[in-house]
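Inside the fold
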Amino acid sequence: MKIHEKYKIHGKNPENGVIIPETVVELASNLAEMNASKSIVAPVGGGTRLHVGNSIEKYDYAIDVTGLNKIISYNAADLTCTVEAGIRLNDLKKELSEKRQFLSIDAALPIEATVGGTLASNAPGLIKWQLSHMRDTVIGMQVVLASGTITKSGGQVVKNVSGYDMSRLHIGAFGTLGIITQVSFKLSPTQNKTGTVVTVFDDFESASQFAQRTFVSYAMPLGMVCIDNALAYSIGYQISDRQFAVFTLLGGRDKAYQRQVGIVNNIANNSKNTREITGIESDAVWDKLRDYPWSDNENSQKPDLVLRINTKPSNIMKSVAAVTDLINRDGVKKSMIIQPGFGSIYIFAHVLESLNDFKSIELIEQLRTILKDMKSSFVFEKVPINLNDLVEKWGYLNDDSLKLMKSLKHTYDPDNTLNPGRMWGQYK
Amino acid sequence: MIHNGDTLGSIDALVNIVGADYVLHNKADLLVYEYDGSIDKGMPVVVVLPKSTEEVSGIMKIAYNRNIPIVARGAGTGLSGGAIAAQGGIVMALSRMTDILDVSENDRYAIVQPGVVNLDLSTFVAPKRLYYAPDPSSQRACTIGGNIAENSGGPHCLAYGVTTNHVLGMEVVLADGSIVWFGGTERDSIGFDLRGITIGSEGTLVVATKIVVRLLKIPEHVKTLLMAFESVEDASSAVSGIIGAGIVPAALEMMDHFCIEAAEASVNAGYPLGAGAVLLIELDGLVESVEEESEEIEAICQEFGPLEIRTATDSQERERLWAGRKGVLGALGRLAPNYLLVDGTIPRTKLVEVLAQINDLSQKTGYRIANLLHAGDGNLHPAILFDERKPGDVDNILAIGEQILQFCVDAGGVLSGEHGIGLEKQNQMPMMFTEQDMAAMSLLREAFGTKGLLNPGKIFPTGASCGDVLQAKTIARMGPSAYV
């Protein structure tokens, strides 16, 4: 049997094949059978994030959820919709944009990525509307448990405290506790006008100060990222000889938008350093930034190491300095994207260009140690493929949290059917 | 199973942890803890008032090792019986844990103990031009810990979200006394979202002892509008028009003519007495954005023939308009000796339809129903007016309340928008959820190792008939301190 490249998890194919159910009942029935026969199952959406997480020792079946791709209901006047989990983000976006609405989830490769996979893998996005998390858009969810039982929680209304909010359990659980099959979202109205103010700097400290001053101003950025010149070069954006660029995405009704552009320009304090881009040009920059590590770029290969760090915004300077010192010491080529307001740091490196396997593992272990010492939350979203089975991808959790997570896994998937070992090594 | 003998036997051990002054077991002392805002009732055997996480942990260990039910309690303002000791045992009142431990202006968060009063936090951080967004109407009294348990909302959650959207991390104590951190001061974290799954779990999974909350910037400009309409239908259509046009105000509240009448008699808020319904709309943000949205809202409302449109010109007038809204429940006592307050949410586009059903039901049964709504998010609070001294009234209004919830569920809505399930609605859960849904939910208690001791007898159906349970515990008789 020839298995499509999409289903490979760190080089491993499903040994018994791929099931692509067209209804949730069919999916549930398949999963119940697989569970009864002690098979190991990996749920798959668009396959854009199967590289994230620890390796699976072997797996018997892939359940491809992309056959469940309908919009169940879309109530534009109510700003809510319910969709099957296999719908691609772009397909949903297109439908919503006809009514001038959008779902504030901004995951990479939206042509391929599905709603379910994006939620299950807690996919990052650069546009953080009002700095909220994508889980805040979910108002209801249907999940098929490992036993094949179909369950739901929440509803299709924007305010609801009826029973436990089970959707929270499955967002970021990498399909280890159940398969997301249907999701209800609250939507947002499209901004009348959006645009990006690009501000360039010679050093990271100045860029950080600018970001901090913007956040305490009355401007309300919809997204803000700081990139280094290596990344700007990779995506083909010219910042000449400047070292850092901050992209501030602003939106609102016309007057409110213009006022915010004025505020940001004032903070930059020198019009030579700023440039406003709008329309397609603005959209294209954000698309390129979002997809950079996962798609072919104009001026660089895809990085072979992607490190995602979550920290307090005020810790960013310290964290970036520590991590980049270590990487630079080994002469590894790297670039980065930082979200100053949200506190996320993404480091992209081309490790194998400079280091052998042994040295690469050593670098990863050293990075893990310094991030642990700084009490940062982190995950290696990608490592060189031949190191996948050799390093722990997830950052550190306290023992009691891990114990609870293990208990949740044991309670909801006692036979270890779904994605065993993909999260912490302790689950293996 | 109730183990109240074990509870009495644990008093010495509890005294060793918190001191004799903070362990209450005389009946007179316990009476205060028998109720919450719902008039549900349940007498604990002992009340203990810890001051620190370590004391909470010690108390939980005693309860766990001796199989004693334990209920964490904030200010007791809840409206679904969440803080009631349904099976006796220990009530752990967190009202002494009132420290604001840290405020980070740069990272915009605060770390608080669970007994901090909601409004006190916003007042404390106001000099830094920050505030905590979830604002239950009881915010002058309710605590952040209680808000966590109930995932509380508030009038301004329309634009800013409910409690779960504003909590970054929590230190919690598990049933066995272990102290664990879920999340932290970062805005995202790795692993299962243990923080998210425990917020709104009504104290049945963990007890939060430190809470990291997100703080927001105080907006540059606030504008409050009062719109009066001839009928509830016109006001509802205006609400649908506003949301459908893609405008999400900071708050969008509705009151019908019963509420207007009561509020005017009580606080003289300046509501027009002849109106069938009023909308209270608040916009905030940049001056430009508030003014543009305000103009658009006025244009939308003109389509539905408003009797009056008024803008609060200063903070005093704004407060007066809100005083009417916030005092309306207490004021309903002027219209009838008792009322049963219902809490359900529907899709916003169904407001006209469901309010018409409620009106029909009122006409058919002869009971007046006052409608108070967080209309912007479809959260209804019909108050069924009655007199408990009249034979048959209690039975009748309970049946009406259940019928209204059925209207909500049939319209694609839910059983509770903000009061929680608690004791009040546990037997209506099957209206929304299958046995499998509820079984999957209740497995959480197993996974968290609670032994069923944390706030037992809540959320899930008891098996008794709905009428029996409600009648036994619900004679709604809220005073002026009731909030929604």
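Up top you'll find the structure we're talking about.
Residues numbered from 1 in each chain as written. Chains lettered and ligands numbered in written order. Predicted model: local features only at pLDDT ≥ 70, side-chain atom pairs only at ≥ 80, totals over all residues. Heavy atoms only, no water.

1. A word on the overall build of chain B
Note the following rule: Secondary structure elements are taken from DSSP: a helix is a run of H or I of four residues or more, a strand is a run of E of two residues or more, and numbering for both begins at the N terminus. The globule rule used here is 2.2 Å times the number of residues to the 0.38 power, and the radius of gyration it is set against is calculated over C-alpha atoms. Categorising residues by exposure relies on relative accessible area from a 1.4 Å probe, with only protein chains included: less than 20% of the type maximum marks a residue as buried, more than 50% marks it as exposed, and the intermediate range marks it as partly exposed. Residue contacts are defined here by distance: any two heavy atoms, one from each residue, within 4.5 Å place the two residues in contact. Here the accessible surface of atoms and residues is derived via Shrake-Rupley with a 1.4 Å probe, and residues count as covered only by protein chains that are part of the display. Residues scored as positive are Lys and Arg, those scored as negative are Asp and Glu, and His as well as the terminal groups of each chain are ignored. In plain terms, the charge of a residue is placed at NZ if it is Lys, CZ if Arg, CG if Asp and CD if Glu.
Helix and strand counts for chain B come out as 18 helices and 19 strands. Taking 23 Å as the expected radius of gyration for a compact globule of 484 residues, we find that chain B reaches 22 Å, a close match to that expectation. Counting only C-alpha atoms and orienting by the principal axes, one finds that chain B spans roughly 65 × 60 × 40 Å. Looking at chain B residue by residue over its 484 residues, the buried ones come to 63%. Look at the contacts in chain B between residues 6 or more apart in sequence, and 73% of them connect residues 24 or more apart. Counting only carbon and sulfur atoms, one obtains 48% of the accessible surface of chain B, whose full area is about 16,000 Å². If you average the places of the 35 positive and of the 60 negative side-chain charges in chain B, the two averages end up 5 Å apart.

2. A few points about the overall build of chain A
A count of helical and extended segments in chain A gives eleven helices and 18 strands. In terms of overall dimensions, chain A is globule-like: its C-alpha atoms have a radius of gyration of 22 Å, near the 22 Å expected for 428 residues. Viewed in the frame of its principal axes, chain A has a C-alpha envelope of about 65 × 55 × 40 Å. Considering chain A as a whole, with its 428 residues, one finds that 63% of them fall into the buried category. Taking the contacts inside chain A whose residues are at least 6 apart along the sequence as the reference set, 72% of them involve residues at least 24 apart. Positive and negative side-chain charges in chain A, numbering 47 and 45 respectively, have mean positions lying 4 Å apart.

3. Let's talk about the sheet that holds strand β7 (residues 138-144) of chain A
All names here are of chain A. This is how it is decided: Pairing between strands is defined by DSSP: at least two bridges between them are needed. Lines fitted to C-alpha atoms define the axes, with helix axes restricted to the stretch in contact, and inter-axis angles between N-to-C directions lie between 0 and 180 degrees.
One open sheet accounts for five strands, arranged β4-β5-β9-β7-β8; its pairing is antiparallel. Strands with a single pairing partner mark the edges of an open sheet, and in this sheet they are β4 (71-75) and β8 (150-154). Direction aside, the axes of adjacent strands within the sheet are offset by 10° on average. Of the strand pairs in this sheet, β7 and strand β9 (residues 179-186) are connected by six bridges, and their pairing is antiparallel. If you follow Gln-142 over to β9, its bridge partner there is Gln-182. Docked against the sheet, helix α2 (residues 89-97) engages β4 and β5 (80-84), running at close to 30° with respect to β4.

4. Things to note about the sheet that holds strand β11 (residues 193-201) of chain A
Residues and elements named next belong to chain A. Here eight strands make up an open sheet; going across it, the order is β14-β11-β13-β12-β16-β17-β15-β18 and the pairing antiparallel. Sheet topology places β14 (274-278) and β18 (377-382) at the edges, where each strand pairs with a single neighbour. The sheet shows a mean angle of 20° between the axes of neighbouring strands, direction not considered. Sitting on the sheet, helix α7 (residues 254-268) is in contact with β11, β13 (244-252) and β14, with an inclination near 5° to β11.

5. Some points on the nonpolar core
Within soluble globular proteins, side chains that are nonpolar tend to cluster in buried spots. Short version of the rule: Among the buried residues, those of types Ala, Val, Leu, Ile, Met, Phe, Trp, Tyr and Cys that are joined through side-chain atoms within 4.5 Å form a nonpolar core.
Leu119(A), Phe185(A), Leu121(B), Phe182(B), Leu279(B), Leu444(B) and Phe448(B) are the most contacted members of the largest nonpolar core, which totals 143 residues. The element best represented in this core is helix α15 (residues 393-410) of chain B, accounting for nine residues. Other than its neighbours up to four places away in sequence, Leu279(B) contacts Leu225(B), Leu226(B), Met227(B), Phe229(B), Ala235(B), Ala238(B), Val239(B), Leu252(B), Glu253(B) and Met254(B).

6. Let's talk about α7(A)
For the α-helix, the turn length of 3.6 residues means that residues three or four positions removed from each other point alike. Using the following cut-off: An expected span of 1.5 Å times one less than the residue number is assigned to each helix. By arc we mean the arc of the directions from the helix axis to the C-beta atoms, nothing more.
For α7(A), which comprises 15 residues, the first-to-last C-alpha distance of 21 Å matches the rise-based estimate of 21 Å (1.5 Å per residue) to within 8%. Looking only at α7(A), the buried set comprises Ala256(A), Tyr257(A), Gln260(A), Val261(A), Ile263(A), Val264(A), Ile267(A) and Ala268(A). On an axial view of α7(A), the arc spanned by its buried residues comes to 160°, and they lie on one face. The exposed set on the far side of α7(A), more than 90 degrees from its buried face, consists of Lys255(A) and Asn266(A). In this structure, the buried residues of α7(A) make contact with β11, α5 (204-216), β13 and β14 of chain A together with α11 (287-302) of chain B. Once α7(A) ends, the next one or two residues include Asn269(A), with phi positive near 65°.

7. Re the packing of aromatic side chains
Under the convention used in this document: Classification of ring pairs rests on two measures: the distance between centres of Phe, Tyr or Trp rings, Trp counted by its six-membered ring, which must be within 6.5 Å, and the angle between planes, read as stacked under 30 degrees, edge-to-face over 60 and tilted in between. Whether a charge sits over a ring depends on NZ of Lys or CZ of Arg being within 6 Å of the ring centre and within 35 degrees of the ring normal.
Within the structure shown, the criterion is met by ten aromatic pairs over all chains. Between the aromatic rings of Phe182(B) and Phe448(B), the centroid separation amounts to 6.5 Å while the plane-to-plane angle is 75°, which identifies the pairing as edge-to-face. Taken together, the positions of Phe182(B) in strand β9 (residues 179-183) and Phe448(B) in the loop between α17 (435-447) and α18 (466-473) put the pair 266 residues apart, joining distant regions of the chain. Members of the aromatic cluster, each reached through a chain of ring pairs, are Phe378(A), Phe380(A) and Tyr396(A). For the cation-ring pair, Arg96(B) lies above Tyr22(B), with the distance from its terminal atom to the ring centre recorded as 3.4 Å.

8. Considerations on the pattern of salt bridges
Condition: Only one rule defines a salt bridge in this text: a Lys or Arg side-chain nitrogen within 4 Å of an Asp or Glu carboxyl oxygen.
Taken as a whole and judged by the stated rule, the model has 37 salt bridges over all chains. Between Glu381(A) and Arg49(A) there is a salt bridge whose closest N-O contact spans 2.9 Å. A residue pair is termed long-range when its members are at least 10 positions apart, and Glu381(A) in strand β18 and Arg49(A) in the loop between β2 (41-44) and β3 (61-64) qualify at 332 residues. Each of the two residues, Glu381(A) as well as Arg49(A), counts as buried. Among the ionic pairs, Arg195(B) bridges to Asp193(B), the shortest N-O distance being 3.2 Å.

9. Here's the deal with the interface of chain B and chain A
Note the following rule: A quick way to say it: buried area is the sum, across both parts, of accessible area lost when two parts are put together, with a 1.4 Å probe. Counted as a polar contact is a pair of N or O atoms within 3.5 Å, where, for protein atoms, one must be capable of donating a hydrogen and the other of accepting one, and residues adjacent in sequence contribute only when both atoms are in side chains.
At the interface, 85 residues of chain B touch 78 residues of chain A. Taken over both partners, the interface formed by chain B and chain A buries close to 6,700 Å², and the fraction arising from carbon and sulfur atoms is 57%. Looking at the side of chain B facing chain A, the largest losses of area belong to Asp188(B), Ile190(B) and Phe192(B), adding up to 13% of the total buried there. Taken together, chain B and chain A are joined by ten salt bridges. One can count 36 residue pairs in polar contact (both at pLDDT 80 or more) joining chain B with chain A.

10. So, the side chain of Glu34(B)
Residues and elements named next belong to chain B. Assignment of secondary structure puts Glu-34 in the loop between α3 (27-30) and β2 (46-48). For the buried residue Glu-34, which engages in no salt bridge, the nearest side chain bearing the opposite charge is Lys-41, 4.2 Å off. In this structure, Glu-34 is in contact with Asp-40, Lys-41, Gly-42, Met-43 and Ile-84, ignoring residues within four places of it in sequence.

11. Topic: the packing of helix α14 (residues 351-365) of chain B against α15(B)
Residue and element names in this part refer to chain B. So the rule is basically this: For classification purposes, an angle smaller than 35 degrees is called roughly parallel, one larger than 145 roughly antiparallel, one from 65 to 115 roughly perpendicular, and anything else oblique. If you view the pair so one helix is near and one far, a crossing is left-handed when the near helix is turned anticlockwise from the far one by less than a right angle, and right-handed when it is turned clockwise. Classification used: nonpolar for Ala, Val, Leu, Ile, Met, Phe, Trp, Tyr, Cys and Pro, charged for Asp, Glu, Lys and Arg, polar for all others including Gly.
Viewed as axis vectors pointing N to C, α14 and α15 meet at an angle of 155°, and their least axial separation amounts to 10 Å. Considering the angle they form, α14 stands roughly antiparallel to α15. As for how α14 packs across α15, the hand of that crossing is right-handed. Only Ile-400, Gln-403, Ile-404 and Phe-407 of α15 make contact with α14, whose side of the interface consists of Val-354, Gln-357, Ile-358, Leu-361 and Thr-365. In the contact of α14 with α15, the residues fall into six nonpolar, three polar and no charged.

12. Thoughts on the pairing of strand β5 (residues 100-104) of chain B
Every regular strand shows the same layout, with side chains that alternate between the two sheet faces. Residue and element names in this part refer to chain B. The pairing of β5 with strand β6 (residues 109-112) spans four bridges and is classified as antiparallel. Counterpart to Val-103 in the pairing with β6 is Ala-110. Hairpin geometry of β5 and β6 is characterised by an intervening segment of four residues between the two adjacent antiparallel strands and by a positive phi of about 55° at Arg-108.

13. Side note on unusual backbone geometry
Residues and elements named next belong to chain A. One non-glycine residue, Leu-109, adopts positive backbone phi at about 50°. With respect to the element layout, Leu-109 can be found in the loop between β6 (101-102) and α3 (115-120). A relative accessible area of 22% places Leu-109 in the partly exposed class.

14. Thoughts on the pairing of strand β12 (residues 223-228) of chain A
Residues and elements named next belong to chain A. Within β12, six of the six residues are buried, which leaves the element mostly enclosed by the surrounding structure. Burial of the side chains of β12 extends over both faces: Gly-223, Val-225 and Ile-227 are buried on one face and Met-224, Cys-226 and Asp-228 on the other. As judged from the six bridges shared by β12 and β13, these two strands associate in the antiparallel manner. Counted as the bridge partner of Val-225 is Phe-247 from β13.

15. Considering the environment of Tyr164(A)
Within the element layout of this structure, Tyr164(A) appears in the loop between β8 and α4 (167-170). Under the relative-accessibility criterion, Tyr164(A) is labelled buried at 1%. Tyr164(A) sits 17 residues away from Ser147(A) along the chain, and the two C-alpha atoms are 20 Å apart. Beyond its immediate chain neighbours, meaning those up to four positions away, Tyr164(A) contacts Ser153(A), Ser201(B), Thr204(B), Leu205(B), Met441(B), Leu444(B), Arg445(B), Ile459(B) and Phe460(B).

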